[in-house]
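Survey of secondary and tertiary structure
Letter by letter, the chains look like this.
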Amino acid sequence: MSRTEAPPLPDPLRVPVADSHTHLDMQDGTVEEALARAAAVNVTTVVQVGCDVPGSHWAAETAAAHTAVHASVALHPNEAPRIVHGDPGGTARQGAREPGGRAALDDALAEIDALAALDHVRAVGETGLDFFRTGPEGVAAQEESFRAHIEIAKRHGKALVIHDRNAHADVLRVLADAGAPERTVFHCYSGDAEMARICAAAGYFMSFAGNVTFKNAQPLRDALAVAPTRLVLVETDAPFLTPAPYRGRPNAPYLIPVTLRAMAAVKGLEEDALAAAVYDNTARAFDF
């Protein structure tokens, strides 16, 4: 089986569900094709997430054109240091970049702020901290950007979508210090059960992705087990984090049923009950 071949459609869910975090702009095929495949398995709603200024504009435009799509706009945590300090080597998706300094970050944040005012933009994110790809020299820019996104979300009454990689304590510190928005979502939840209890006490939503199905992910399953069902979401983060048994192949919103069924088993819930709860939670989190 080719690693680049798309997995087959799973059996449809009986109850509609939402993909709380996807990147349609990074997936093969058209938006219409992706939404049709998702609808075929009863994934009826997706949240399209921007990671930079162009991607956030694309998310907003796509949500405006498709009722099944809601937009989230932001500068990814790794984007802020690239804007400020430059990126001579570039990335696979983005070329080399000259340093822009604080003024360039302010300009980019102003664009995100303007997009966040739009009705079909339901959230600000993914923002947060990522100490996996960004070294110590980029931490200050990341935190400054994170705090700015928190303020943007609160100013416009939008949800905040958190990217937290190798930075649990610092993300929780900034949220507590700055004052989290009323609706805060930990995208691709990556903490342990103890952190899940902290998030639950604060009322933060926890969105689980395909990696909850991986063999080495018992701490994630332990976290899911203690997370209150009313705060649990499901996502693909497609094209990344494809659930087992398709790990390594392209992910897309139509694979949500695979992850949701694994989550239902962890929580000891009927598939339909979890699907209904997750849809309701996603609608509350993103106010749609």
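Quick note: structure is the one above.
Figured I'd write up the structure that's included with this text. (Residues numbered from 1 in each chain as written. Predicted model: local features only at pLDDT ≥ 70, side-chain atom pairs only at ≥ 80, totals over all residues. Heavy atoms only, no water.)

Let's talk about the overall build of the protein
Our working definition: Put simply, DSSP H or I for four residues or longer makes a helix, DSSP E for two residues or longer makes a strand, and each gets a number counted from the N terminus. It is over C-alpha atoms that the radius of gyration is taken, and the globule rule equals 2.2 Å times the number of residues to the power 0.38. Exposure classes here rest on a 1.4 Å probe applied to the protein chains alone. A residue is buried below 20% of its type maximum, exposed above 50%, and partly exposed in between.
Within the protein, the regular secondary structure consists of 10 helices and eight strands. For 288 residues, the compact-globule estimate of 2.2 N^0.38 gives 19 Å, and the C-alpha radius of gyration of the protein, at 18 Å, lies within 12% of that figure. Projected onto its principal axes, the C-alpha coordinates of the protein cover approximately 50 × 40 × 35 Å. Here the protein holds 288 residues, and 55% of them are scored as buried.

With respect to the packing of aromatic side chains
Heads up, the rule is: Geometry of aromatic contacts follows a simple scheme: Phe, Tyr and Trp rings, the Trp one being its six-membered ring, pair when their centres are within 6.5 Å, and the pair is stacked under 30 degrees between planes, edge-to-face over 60, tilted otherwise. Here, a charge over a ring is recorded when the distance from Lys NZ or Arg CZ to the ring centre is within 6 Å and its angle to the ring normal is within 35 degrees.
In total, this model carries three aromatic pairs according to the counting rule given. The ring centre of phenylalanine 132 lies 3.6 Å from the NZ or CZ of arginine 165, which sits over that ring. A cation over a ring is seen here: arginine 247 above phenylalanine 214, with NZ or CZ 3.7 Å from the ring centre.

Details of the side chain of arginine 249
Counted only if it meets this: Residues scored as positive are Lys and Arg, those scored as negative are Asp and Glu, and His as well as the terminal groups of each chain are ignored. Just to be clear on terms, a salt bridge is a Lys or Arg side-chain nitrogen sitting within 4 Å of an Asp or Glu carboxyl oxygen. Any N or O atom pair separated by 3.5 Å or less is treated as a polar contact, with the protein-specific requirement of one donor-capable and one acceptor-capable atom, and with residues adjacent in sequence counted only for side-chain atom pairs.
Positionally, arginine 249 belongs in the loop between strand E8 (232-234) and helix H9 (256-267). The side chain of arginine 249 sits in the buried core without any salt bridge; glutamate 5 is the nearest counter-charge, 4.5 Å away. Of the polar contacts made by the side chain of arginine 249, one reaches the backbone oxygen of alanine 6; its length is 3.2 Å.

So, the sheet that holds strand E2 (residues 43-49)
Heads up, the rule is: In short, DSSP must find at least two bridges between two strands for them to pair. Think of each axis as a best-fit line through the C-alpha atoms, taken over the contacting stretch in the case of a helix, with angles from 0 to 180 degrees between the N-to-C directions. Contacts are assigned to residue pairs with any non-hydrogen atoms lying within 4.5 Å of each other.
Here eight strands make up an open sheet; going across it, the order is E1-E2-E3-E4-E5-E6-E7-E8 and the pairing parallel. Because the sheet does not close on itself, it has two edges, and the strands there are strand E1 (17-22) and E8. Across the sheet, the axes of successive neighbouring strands diverge by a mean angle of 30°, strand direction being ignored. Of the strand pairs in this sheet, E1 and E2 are connected by four bridges, and their pairing is parallel. The residue bridging threonine 22 from the neighbouring strand is glutamine 48, located in E2. Sitting on the sheet, helix H7 (residues 193-202) is in contact with strand E5 (159-165), strand E6 (184-186) and strand E7 (205-208), with an inclination near 135° to E7.

What about the packing of helix H4 (residues 101-116) against helix H5 (residues 139-156)?
Quick note on the threshold: Roughly parallel means an angle under 35 degrees; roughly antiparallel, over 145; roughly perpendicular, 65 to 115; everything else is oblique. What makes a crossing left-handed is the near helix being turned counterclockwise from the far one by less than a right angle; a clockwise turn instead makes it right-handed.
Put simply, H4 and H5 touch, their axes get as near as 10 Å, and they point 25° apart. The angle between H4 and H5 falls in the class roughly parallel. Of the two possible hands of crossing, H4 and H5 adopt the one that is right-handed. On the side of H4, the interface is formed by Arg102, Leu105, Asp106, Leu109, Ile112, Asp113 and Ala116, while H5 contributes Ala141, Glu144, Ser145, Ala148, His149, Ile152, Arg155 and His156.

Section: the packing of H5 against helix H6 (residues 168-178)
Here H5 crosses H6 at 45°, and the two axes come no closer than 11 Å. The angle between the axes of H5 and H6 places the two elements in the oblique class. In the crossing of H5 with H6, the sense of the turn from one axis to the other is right-handed. Every residue of H6 that contacts H5 at Glu143, Phe146, Arg147, Ile150, Glu151 and Lys154 is listed here: Val171, Arg173, Val174, Leu175, Asp177 and Ala178.

What to know about helix H1 (residues 31-40)
Cut-off, in case you're wondering: The arc in question is traced by the directions running from the helix axis to the C-beta atoms.
The complete set of buried residues in H1 reads Val31, Ala34, Leu35 and Ala38. Looking straight down H1, one finds that the buried residues subtend no more than 95° of arc, so they occupy a single side. In the stretch just after H1, asparagine 42 is the one whose phi turns positive, near 75°.

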